[in-house]
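Chain residues, written in single-letter form:
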Amino acid sequence: MDLGSINPVLLIAALLLASTPILLAAMGELVVEKSGVLNLGVEGMMIVGAVAGFIVAVESGSPALGILAAAAAAALLALLFGVLTQVLLSNQVATGLGLTLFGLGISSLMGQGYVGIRPPTSPRLELPVLSDLPIAGPVLFSQHALVYLSLALVAGVWWFLRSTRSGLILRAVGESHEAAHALGYSVLGTRLAAIVFGGALAGLGGACLSLVIVPQWTEGMTAGRGWIALAIVVFGSWRAWRVLLGAYLFGGVSVLQLNLQAAGIAIPVELLSMSPYLITILVLVIISSDKRRAQANAPSSLGRTFHASG
Amino acid sequence: MGRSVRRDPGSDGAARVSTPLLEVQGLRKAYPGVVANDDVSFSARRGEVHALLGENGAGKSTLVKTVYGLLRPDDGRMQLDGRVYAPASPHDARQAGVAMVFQHFSLFEALDVAENVALGMEVPPPMRELATRIRDVSETYGLPLDPSRLVGTLSAGERQRVEIIRCLLQDPQVLIMDEPTSVLTPQEVAILFETLKRLRAEGKLILYISHKLEEIRALCDWATILRHGKVTGSCDPRQKSARELAETMVGSELALPAARTQDPGEVALSIAGLTAASGAAFGTELKNISLEVRRGEILGIGGVAGNGQDELLAALSGESRSAPDSILLGDLPIGSFGPNERRALGVLAAPEERLGHATAPDMNLIENAALSGRHRMRMVSRGFVNWRKARAHAEHVIKQFDVRVPGAGSVARSLSGGNLQKFVIGREILQQPDVLVVNQPTWGLDAAAAAAIRQSLLDLASQGAAVIVISQDLDELMEISTRFSALNEGRLSEPRDAAGLTLEEIGLMLGGAHDLEIGQGSSGPERAVGPGETVP
């Protein structure tokens, strides 16, 4: 056992990156759920984003184009979900599960010729001067652009939901779609926009995985991260900052337990592997334990089908 | 204020010569199978409270939804202030100066007052300025309200204020009010009437929908009466008796409940020291509830919605359980029994929410009859449902209680509110309960349907059942209860004999003591409107 081999600075830098796919997907799902839609297809949208981003990056040689393509492909898949559930009024739970299965299937089909290829490397965004600082430099100022984007999105989503009129309308639609409709707001339009936004973020999360973290394409490489993102949104009681905490906690414990395994610590591997799930859910359950407040923040129309009649 | 038109209080139709603000001509709206509005025409002036009166399903709601731009008419024209008015959406209507306070409040419980107000405005000011304006308007019109409170924590009366203030901030010319008093205490009604009179004096037009005839007689200057989607008459309601109005509206003699004569029998059900937390997010905790109800009596429980009514019903029906001894059926402790065990023993309940709580919306009436009656009506043997019995029960209810449906196979969702309520109450009464608990039995029902339901409750009591009626309609409780008690913030007042109580005393029992301040110029709490009384 050699705990000295774990470098805390590198650990924190790795944690920020490792948490980013989940954080992106969870922020997207947060907005979707706040509008009253439950999209269980996060895993499917992530992996479609991962494969689409990978293919476009490899073919064009540009990681930036790949990342854009990932967002667009997953948004398109989300739009399919939106049309099915909002226009054709299909069941959200069944459609979301179907979306995940469909995404996993089509991504392995699309990615068949791309297994084992290395994508063009996307450089870190080394901020001049700042990245040379000790400790803070490698941790904060020499990360990949997607890490900064995900943090900006957390602040942006928080601000959007709290302070803007569109955010207020989105929350209102999620809270009571009948009342929002009676006041003349478009429930359908608001929800479709939220669903597409959520899809795009899930796609970004997927691209972050296949182009930056791994970077490689393997079938089923999201490995349940979409489900973790869904769980974090609920256990974080639909608050942007708690979702951030949950995502970093999960990413952090995942990275730490890998390091601990490598260091040969005397804890069974099985326990270490399950620790990120256990610790994240435990912590989020404890901070959201005030049931009434959590209920008040939960969108009341979540998962309910809306049809404007009369 | 400058354009206000003074009303001549003693005048009749002759005073209605000034040009109309809103004119509706030949409006028609048809749904599959029913014509909701058929050639509806009326006109209304500035500075007028104009009543739209009619039974359930008469087409009032369709008519005002059309005026508010939620529905597009199939045919007909509207004019607002001399110009063609055809709103494609509520946005258009609000821009043209038409605002609406909804029957079922269109509020968002998890948002605060200011956010709710902002959602109803076309171009809301920044939040801080909006909060100031909400305070200003609420003080001007005597409707105290804190902009930062969550709407979920407000009483029904306060929620209505949010809606009214939301409308007033847009400075509308026409204010539509759909059943505004159905959830208010007498004191709150008095405050609302003060506000409406003030708005009338400012020259606004108020379209006022209600079934409560005395209210319309007290407040409104003119009434347009609808029946089956058509205008059947218009009159000055102050010149007519409530009975005459009701007859124009219903088209038949109104059946007033007969007086009760029986002496109460032994105690059928008693509750001692029941305390229960609410399962709902913004629910009310029941605090130390004790009551007794005897055979042959109706115990009326008044109170404004949200003071523990739903929780009390859940505790009585068995949906929320308590210590065995806290509820006794005769001598039998039933506090720990669930709804099915209680139903089998003859304790039946009809909750307030007809669709989704009392009935399963997408199941038909036979299935819904079986759901509540399967134990007591012996519809189940060896795990199988006897559908013939269930159908017979449903058809019996439909016939006995005049539920207007094509047949027992119709799904619950397709019934109008009044018809469904008749079915829900009838379904329980025909099971011959020993104890029946009903919550808001006539909410939103027209006079004829409400009278029929009240009569059936009286009949049930006179056959020796114990009946508990939880209602916000005090006139109703006075009419049918033997004893009266009130729920306020989860506490139940000591039941008193209903005879001899005045509405004022009851209002105070209800905890109406809060928010008594009325806009300046008023002389303290006014009695709500009683029969034969007019408000100056």
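Everything here concerns the structure above.
Let's shift gears to the pattern of salt bridges. Residue and element names in this part refer to chain B. Under the defined criterion, the tally for this structure stands at 24 salt bridges over all chains. Between Arg-238 and Asp-221 there is a salt bridge, with its nearest N and O atoms 3.9 Å apart. With Arg-238 in the loop between strand E10 (230-235) and helix H8 (242-250) and Asp-221 in the loop between helix H7 (213-219) and strand E9 (222-227), the pair connects residues that are 17 residues apart, well separated along the chain. For Asp-221, a relative accessible area of 4% corresponds to the buried category. A salt bridge links Arg-391 to Glu-395; its shortest N-O distance comes to 3.2 Å. With Arg-391 and Glu-395 both in helix H12 (residues 387-400) and 4 residues apart, the pair spans about one turn of that helix. On the accessibility criterion, Glu-395 (39% relative accessible area) is partly exposed.

Membership of the largest hydrophobic core comes to 70 residues, with the highest contact counts inside it found for Met-27, Val-42, Met-45, Trp-217 and Ile-232 of chain A. The leading source of residues in this core is helix H1 (residues 8-34) of chain A, at 12 residues. In this structure Val-42 of chain A touches Ala-25, Glu-29, Thr-100, Ala-202, Gly-226, Ala-229 and Leu-230 of chain A, once residues within four positions along its chain are discounted. Among the nonpolar cores identified, the runner-up in size contains 61 residues, and Val-49, Tyr-141, Phe-193 and Ile-225 of chain B belong to it.

In this section: the interface of chain A and chain B. Residue-level contacts link 18 residues of chain A with 29 residues of chain B. The interface formed by chain A and chain B contains 1 salt bridge. The closest approach of N and O atoms between Arg-171 of chain A and Glu-115 of chain B, which form a salt bridge, is 2.8 Å. Listed by contribution, the elements that provide at least two residues to the side of chain A that touches chain B are helix H7 (165-175), helix H8 (177-182) and helix H13 (291-297) of chain A. Top element by residues in the side of chain A that touches chain B is H7 of chain A. It accounts for 6 residues. Classifying every residue of the side of chain A that touches chain B gives 9 nonpolar, 5 polar and 4 charged.

Attention now goes to the sheet that holds strand E2 (residues 34-44) of chain B. Residue and element names in this part refer to chain B. Pairing within the open sheet is antiparallel, and its 4 strands lie in the order E2-E1-E4-E5. Looking at strand neighbours, the two that pair on one side only are E2 and strand E5 (83-84), the edges of this open sheet. Two elements, strand E4 (residues 75-80) and E5, share 2 bridges in a ladder whose sense is antiparallel. The residue of E5 that forms the bridge with Gln-79 is Val-84.

Thresholds applied
- Residues numbered from 1 in each chain as written.
- Chains lettered and ligands numbered in written order.
- Predicted model: local features only at pLDDT ≥ 70, side-chain atom pairs only at ≥ 80, totals over all residues.
- Heavy atoms only, no water.
- Salt bridge = Lys/Arg side-chain N within 4 Å of Asp/Glu carboxyl O.
- Helix = DSSP H or I, 4+ residues; strand = E, 2+ residues; numbered from the N terminus.
- Buried < 20%, exposed > 50% of the residue type's maximum accessible area, 1.4 Å probe, protein only.
- Core = buried A, V, L, I, M, F, W, Y, C linked by side-chain atoms within 4.5 Å.
- Contact = heavy atoms within 4.5 Å.
- Nonpolar A, V, L, I, M, F, W, Y, C, P; charged D, E, K, R; others polar.
- Pairing = 2+ DSSP bridges.

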